[in-house]
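Coordinate analysis (summary)
Given next are the chains, with one letter for each unit.
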Amino acid sequence: MKRHINKVAVIGSGIMGSGIACHFANIGVEVLLLDIVPRELNEKEKAKGLTLNDKVVRNRLVNDSLTAALKSKPSPIYHKKFASRITTGNLEDDIEKVGQVDWIIEVVVERLDIKKQVLENLEKHRKPGTLITSNTSGIPIKFMSEGRSEDFQKHFCGTHFFNPARYLKLFEIIPGPKTSADVLEFLNGYGEKFLGKTSVVAKDTPAFIGNRIGIFSIQSLFHAVKDLGMTVEEVDKLTGPVIGRPKSATFRTVDVVGLDTLVHVANGIHENCKDDERLELFQLPDFINTMMENKWLGSKSGQGFYKKVKGDNGKSEILTLDLDTMDYRSKKSAKFATLELTKTIDKVVDRFTVLTSGKDKAGEFYRKSFGALFAYVSHRIPEISDELYKIDDAMKAGFGWEHGPFQIWDAVGLEKGLEFAKAEGLEVASWVTEMKNAGIDSFYSVKDGATYFYDIPKKAMEKVPGQDAFIILDNIRKSNEVFKNSGAVIEDLGDGILNLEFQSKMNTLGGDVIAALNKAIDLAEKDFQGLVVGNQAANFSVGANIGMIFMMAVEQEYDELNMAIKMFQDAMMRMRYSSIPTISAPHGMCLGGGCELSMHADKVVAAAETYIGLVEFGVGVIPGGGGSKEMALRASDTFRKNDVELNVLQEYFLTIGMAKVSTSAYEAFDLGILQKGKDVVVVNKDRQIATAKAYAKLMAESGYTKPPKRKDVKVLGKQALGMFLVGTDSMEAGHYISEHDKKIADKLAYVMAGGDLSEASYVTEQYLLDLEREAFLSLCTERKTLERIQHMLKTGKPLRN
C-alpha cells in the first residue's frame with residue numbers, strides 16, 4: 001500500500017511534543033496537537049469567572065505550551081504563518097479526531113505506565129492501518145505494545161526525535177517485536193525525504209544508539225577530568241570545534257540540555273545494561289551527585305558547570321565551577337601547545353593525527369578519550385546495531401559531531417586506535433582484529449563516488465545504502481575535478497552539469513573564487529549544459545573577503561579596489577546572463593556576497609536552514625556586488641498601478657538598511673531575497689546538490705535561452721531620494737542612528753532611487769551598478785568604515801560608531 005502523510009496527531013504538547021508538531025507543520029502537514037485537561041482553574045481564569053467546562057480552560061495546557069514553543073529562540077517553526085497548520089485540542093473532547101489522521105505520535109511523559117495508558121486509550125479511536133509511534137529516549141518499545149491488538153502492534157514502533165526537533169537531524173526508528181518491515185521502510189524513507197532527517201533504524205536496547213554512545217562519551221569525560229587534573233574550561237576547549245563538535249562542547253552542552261536529563265539516561269543505562277563492559281562509567285562521580293543535590297542543573301536552574309552573574313559594575317560575567325572545591329570562580333583561559341599546531345589545518349579530519357600525537361596534556365587527553373571511545377563502540381556491535389555506519393550517523397546527526405567514532409578511528413589509523421585502547425587496558429571487539437588480520441585497514445572506503453563500510457557478518461566492504469539520492473562532494477572531488485585554484489574547485493556532477501565548490505576560509509569570496517566562477521561559466525558554456533554553485537561545508541558563504549577590501553582601502557589603492565568590485569559585479573552579471581542555466585544552492589549562513597551571488601542565479605535551491613541576507617551595513621558599506629542594484633530592480637518589478645511605489649521601494653531599502661537576515665529559507669521570500677515561483681526550498685540538506693543538479697539539467701533540456709539584459713528598471717529619482725533623506729535625518733536627530741549610519745543610508749538611498757533624476761525613469765542594470773560601485777568606493781575612504789571593517793576582522797562582530 002502506498003502511504004501518504006497528510007495529517008498527524010501529536011499527543012503531548014511539552015517542549016518535545018510542540019517541537020515535533022511545529023516541524024511537521026514546517027513541511028506542510030496538518031497537525032492535531034492534544035494534551036490533558038487541567039484539573040483546576042488558575043488565578044486568571046478565576047478572575048474571569050470561567051469554569052472547568054469552558055473550552056478555553058480545557059485547552060489551556062496545550063495552547064500555553066504551543067504559544068511558549070512558538071515564542072522560543074531559536075524558533076521551532078520556519079515561518080510564523082506555518083503555525084496555522086496546527087490545530088489544538090484535549091484528550092477528552094477531541095480524542096476521536098485521531099481516527100482521521102495518518103500517523104499518531106505519542107510524546108507524553110517518560111513513564112511506562114502513563115505511556116501504556118495513553119496508547120490503550122488511543123487504540124479505541126485509531127483506525128486500522130494508521131501508523132502509531134512513541135517518542136521515547138529509552139523506554140523499551142516491547143513493553144509499550146504489550147496487550148495491544150495485532151494491527152496496532154504491526155503499525156507501532158518507537159520514533160525518537162532529538163530536541164530541538166527542527167534543528168537536530170537524528171531520527172531513530174526502533175521496531176517493536178511485531179513491527180511490520182513495510183512500516184520501518186516507510187518511516188526510514190519519510191524521515192529522510194520529508195522530515196529532512198538522518199533516519200537510523202536502531203535496536204530496542206537501552207538509550208538506543210545516539211544516547212548510548214553520547215552519554216558514554218560524556219560520562220567517560222566526567223570520570224577522566226579529575227584523573228587528568230583538568231578544568232571545565234580545558235575540557236570544553238578540547239571537545240569543541242577543534243574536533244568538529246559544537247561550540248558548546250561538553251560541559252556547556254550538559255548545561256543547555258540539563259544535568260537531570262543526562263543523569264536520568266545514565267542511570268537508565270546503569271540499571272538496564274548489566275553486561276556492559278564499561279558499566280562502572282555510568283555510575284555518577286561525586287561532583288555530579290553534589291550538583292544534583294544542590295539542583296545545579298544548568299540553564300534551567302540558573303547555574304550548572306557555568307553560572308552567569310552581574311558584577312559590581314553592572315556587567316555580566318560567566319563563572320566556572322571548580323570541580324575540586326565545588327565553588328564558582330572566574331573563567332580561566334585554556335591553552336595547549338598541541339592545539340596551536342592545528343591552527344593552519346582547516347579540515348577537521350586532518351587534525352586528528354596531530355592532536356593524538358601531542359606531547360602535552362591535550363595529546364594525553366585525546367589518546368585516552370579516543371582509546372576508550374574506539375573500544376566501546378566496537379563492543380556495541382551487534383548489541384545496538386549490526387552496521388557500524390549507523391553509529392557514526394547517529395552521533396553526527398544527534399550530537400552534532402562532524403565525524404563519527406569509526407570515521408575518527410579511520411583518521412588516526414586502525415593500528416594507532418588499537419594502541420590507544422591497549423594503553424588504557426582496554427580490549428577491542430574481536431571483529432576488529434579479524435578485520436585487520438584479513439588485510440582490511442579501514443572501516444570505510446570510497447569507490448566510484450560512493451561510500452562503502454566494513455560489513456562484519458560478510459567480512460567485506462559493502463555500499464552504504466540510501467546514497468543514490470545524494471551527491472557527496474567529498475567522494476567525487478578528486479576523481480571528478482575539472483579545475484582547481486586556491487579558492488575553489490570545479491567538479492563534473494555528470495549529465496552535463498558542473499559544480500563550483502568554494503574552498504576558501506569560511507567560503508569567503510575573493511579574487512580566486514571569482515576567477516573560478518568565471519572559469520566555471522566558460523567551461524559550462526563551451527562543453528557542458530549547466531552550472532551549480534554549491535558546497536557541503538557548514539556555511540555556504542559568509543560574504544566577500546573584507547580583509548582584502550580593508551588592505552586596499554588602507555593602502556588607498558582605490559583603482560585596484562574599483563577594479564576588484566567591477567570584477568565581482570561582472571561575475572554576478574555573468575551568473576544571470578550566460579548561455580547556460582545557473583543554480584545557487586545556499587545553506588547555513590549565506591551573507592553579503594554569498595547572498596548577492598544567489599540573487600543573480602537563474603534559480604536558487606535553498607536548504608530550509610538558510611540564514612541569508614545583505615549585511616554590508618554592519619561593516620560600514622552598502623552591498624557592492626550587485627545587491628543594491630538587485631533590490632532596486634526587484635522593487636521595480638513589484639510596482640503595481642495601485643501600489644504606492646515609494647512604500648514598496650522603502651521595504652526593499654530597509655531589508656538592506658537594517659541588515660535583515662532570514663531565520664530560514666522561507667523567511668527569505670518575505671525579504672525579497674528569494675522569489676516565489678522561481679526559487680525552491682529543500683528540507684534535507686544532503687539532497688540539495690542532487691536537487692540543484694536535477695533543476696539545472698531540466699532547465700537545459702527544456703531549451704534554456706540566455707535572458708535579454710534589462711533596460712526597464714523603473715527608478716523614482718528625486719521623489720524617492722527626498723523621502724529617504726528626510727527619514728535618515730529624523731533617525732539621526734532622534735539618536736536612533738549615528739552620523740556614519742546616516743552617511744551609509746544616504747548612499748544607499750542615492751543608488752536605489754537611481755540618483756537625483758528629476759522624474760521617474762527607466763534605466764539599465766549597468767547604470768545602477770555604476771552608482772552602486774561609486775557609492776561603495778566612497779564609503780571605503782571613510783575612517784569610520786575602516787574602523788568597522790577592522791573591528792569585524794578582529795572580533796567577528798559589527799561595530800556601531
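The paragraphs below set out a description of the structure included in this document. Just so it is clear, the structure is predicted and the values come from calculations on it, not from any experiment.

Thresholds, definitions, all that
- Residues numbered from 1 in each chain as written.
- Predicted model: local features only at pLDDT ≥ 70, side-chain atom pairs only at ≥ 80, totals over all residues.
- Heavy atoms only, no water.
- Helix = DSSP H or I, 4+ residues; strand = E, 2+ residues; numbered from the N terminus.
- Rg over C-alpha atoms; globule rule 2.2 N^0.38 Å.
- Buried < 20%, exposed > 50% of the residue type's maximum accessible area, 1.4 Å probe, protein only.
- Contact = heavy atoms within 4.5 Å.
- Areas by Shrake-Rupley, 256 points an atom, 1.4 Å probe, with all protein chains shown as cover.
- Salt bridge = Lys/Arg side-chain N within 4 Å of Asp/Glu carboxyl O.
- Pairing = 2+ DSSP bridges.
- Axes fitted to C-alpha atoms, helices over the stretch in contact; angles between N-to-C directions.
- Left-handed = near helix turned anticlockwise from the far one by under 90°.
- Nonpolar A, V, L, I, M, F, W, Y, C, P; charged D, E, K, R; others polar.
- Parallel < 35°, antiparallel > 145°, perpendicular 65-115°, else oblique.
- Phe/Tyr/Trp six-rings, centres within 6.5 Å; stacked < 30°, edge-to-face > 60°.
- Lys NZ or Arg CZ within 6 Å of the ring centre and 35° of its normal.
- Core = buried A, V, L, I, M, F, W, Y, C linked by side-chain atoms within 4.5 Å.

This part covers the overall build of the protein chain. From N to C terminus, the protein chain includes 33 helices and 25 strands. By the compact-globule yardstick of 28 Å for 801 residues, the protein chain fits well, its C-alpha radius of gyration being 29 Å. For the protein chain, the spread of C-alpha atoms along the three principal axes comes to 80 × 70 × 65 Å. Buried positions account for 54% of the 801 residues belonging to the protein chain. Here the analysis covers contacts within the protein chain between residues at least 6 apart in sequence; of these, 69% occur between residues at least 24 apart. Element-wise, carbon and sulfur atoms account for 51% of the exposed surface of the protein chain, whose accessible area totals about 35000 Å².

Turning our eyes to something else, we now look at the pattern of salt bridges. Under the defined criterion, the tally for this structure stands at 58 salt bridges. Of the charged contacts, one joins Asp276 and Arg212 as a salt bridge, the two residues approaching to 2.9 Å between their closest N and O atoms. Taken together, the positions of Asp276 in the loop between helix H12 (259-272) and helix H13 (286-293) and Arg212 in helix H9 (residues 210-227) put the pair 64 residues apart, joining distant regions of the chain. Overall, the relative accessible area of 6% leaves Asp276 in the buried class. Overall, the relative accessible area of 0% leaves Arg212 in the buried class. Across the pair Lys743 and Glu782 runs a salt bridge, and its minimum N-O distance is 3.4 Å. One end of the pair, Lys743, is in helix H31 (residues 739-752); the other, Glu782, is in the loop between helix H32 (765-780) and helix H33 (783-795), with 39 residues separating them in the sequence. By relative accessible area, Glu782 is classed as partly exposed at 24%.

Strand order in the open sheet made by the eight strands is S3-S2-S1-S4-S5-S6-S7-S8, with mixed pairing throughout. With partners counted over all chains shown, the strands left at the sheet margins are strand S3 (86-90) and strand S8 (198-201), one partner each. Averaged over neighbouring strand pairs, the angle between their axes works out to 25° when direction is ignored. Where strand S1 (residues 7-11) and strand S4 (residues 103-106) come together, four bridges link them in parallel fashion. Bridging across to S4, Val10 finds its partner in Ile105. The strands touched by helix H4 (residues 60-71) within the sheet are strand S2 (30-35) and S3, with S3 carrying the most contacts at an inclination of about 145°. In the packing of helix H5 (residues 112-123) onto the sheet, the strands contacted are S1, S4, strand S5 (131-134) and strand S6 (156-161), and the crossing angle to S4 comes to about 160°.

Below, the discussion takes up the side chain of Ser145. You can see Ser145 is positioned in the loop between helix H6 (141-144) and helix H7 (150-154). The residues contacting Ser145, other than those within four sequence positions of it, are Gln153, Phe156 and Pro177.

Summarising the element assignment, Gly214 is placed in helix H9. The class of Gly214 is buried, set by a relative accessible area of 2%. Between the C-alpha atom of Gly214 and that of Leu262, which follows or precedes it by 48 residues, the distance is 9.9 Å. Ignoring sequence-local partners within four residues, the contact set of Gly214 consists of Met395 and Phe399.

The sheet built from three strands is open, its strands ordered S9-S10-S11 with antiparallel pairing. Every interior strand has two partners, whereas the edge strands, strand S9 (306-310) and strand S11 (328-330), have only one. Taken over all neighbouring pairs, the strand axes of this sheet differ in orientation by 45° on average, direction set aside. Pairing of S9 with strand S10 (residues 316-321), which is carried by five bridges, proceeds in the antiparallel orientation. The residue bridging Lys308 from the neighbouring strand is Ile318, located in S10.

What follows is about the packing of H9 against helix H16 (residues 361-379). Packing of H9 against H16 brings their axes to within 11 Å, and their N-to-C directions diverge by 145°. When you trace H9 past H16, the crossing you get is right-handed. Contact residues: Arg212, Ile213, Phe216, Ser220 and Leu221 in H9; Phe365, Ser369, Ala372, Leu373, Tyr376 and Val377 in H16. A breakdown of the residues in the contact of H9 with H16 according to their chemical character gives eight nonpolar, two polar and one charged.

As a further point, take the packing of H12 against H13. In contact at an axis separation of 11 Å, H12 and H13 are set at 125° when each is read in the N-to-C sense. One finds that H12 runs oblique with respect to H13. For H12 against H13, the interelement crossing comes out left-handed. Together, Leu259, Asp260 and Val263 of H12 and Ile288, Met291 and Met292 of H13 make up the contact between the two elements.

Below, the discussion takes up unusual backbone geometry. Here the residue pair Asn163 and Pro164 is connected by a cis peptide bond, since its omega of 0° sits within 30 degrees of zero. Relative to the helices and strands, Pro164 is located in the loop between S6 and strand S7 (170-175). Look at the link from Ile381 to Pro382: it is a cis peptide, with omega at 10°. Its location among the elements puts Pro382 in the loop between H16 and helix H17 (388-399). A positive phi angle, close to 50°, is found at Ala249, a residue other than glycine. Note on placement: Ala249 falls in the loop between helix H10 (232-238) and helix H11 (251-257). Even without glycine at this site, Asp448 takes up a positive phi of about 55°.

Summed over all chains, the structure comprises 33 aromatic pairs. Positioned above the aromatic ring of Phe82, the side-chain terminus of Arg85 is 4.1 Å from the ring centre. Between the NZ or CZ atom of Arg380 and the centre of the ring of Tyr376, over which it lies, the distance is 4.4 Å.

Here we take up the nonpolar core. Grouped together as the largest cluster of nonpolar side chains are 117 residues, with contacts concentrated most on Phe24, Trp103, Leu500 and Leu517. Here the element with the most residues in this core is helix H22 (residues 511-527); it accounts for eight residues. In this view, Trp103 contacts Ile5, Lys7, Val8, Ala9, Phe24, Thr130, Leu131, Thr133, Thr159, Phe171, Leu187 and Tyr190; residues no more than four positions away in its chain are not counted. Core analysis: the second largest hydrophobic core is formed by 110 residues, Val101, Ile213, Ala334 and Trp409 among them.

Moving on: the pairing of strand S16 (residues 488-494). Within S16, five of the seven residues are buried, leaving the element largely enclosed by the surrounding structure. Bridge count between strand S15 (residues 481-484) and S16: three bridges; the pairing is antiparallel. Within S16, the position partnered with Lys484 by the bridge is Val489. In textbook terms, the turn of a hairpin is the stretch between consecutive antiparallel strands, and for S15 and S16 this stretch comprises three residues. Of the strand pairs in this sheet, S16 and strand S17 (residues 497-502) are connected by six bridges, and their pairing is antiparallel. Bridge assignment links Val489 to a residue of S17, and that residue is Glu501. Between S16 and S17, which pair antiparallel and follow one another directly, the connecting turn spans two residues, one of which, Asp495, has a positive phi of 60°.

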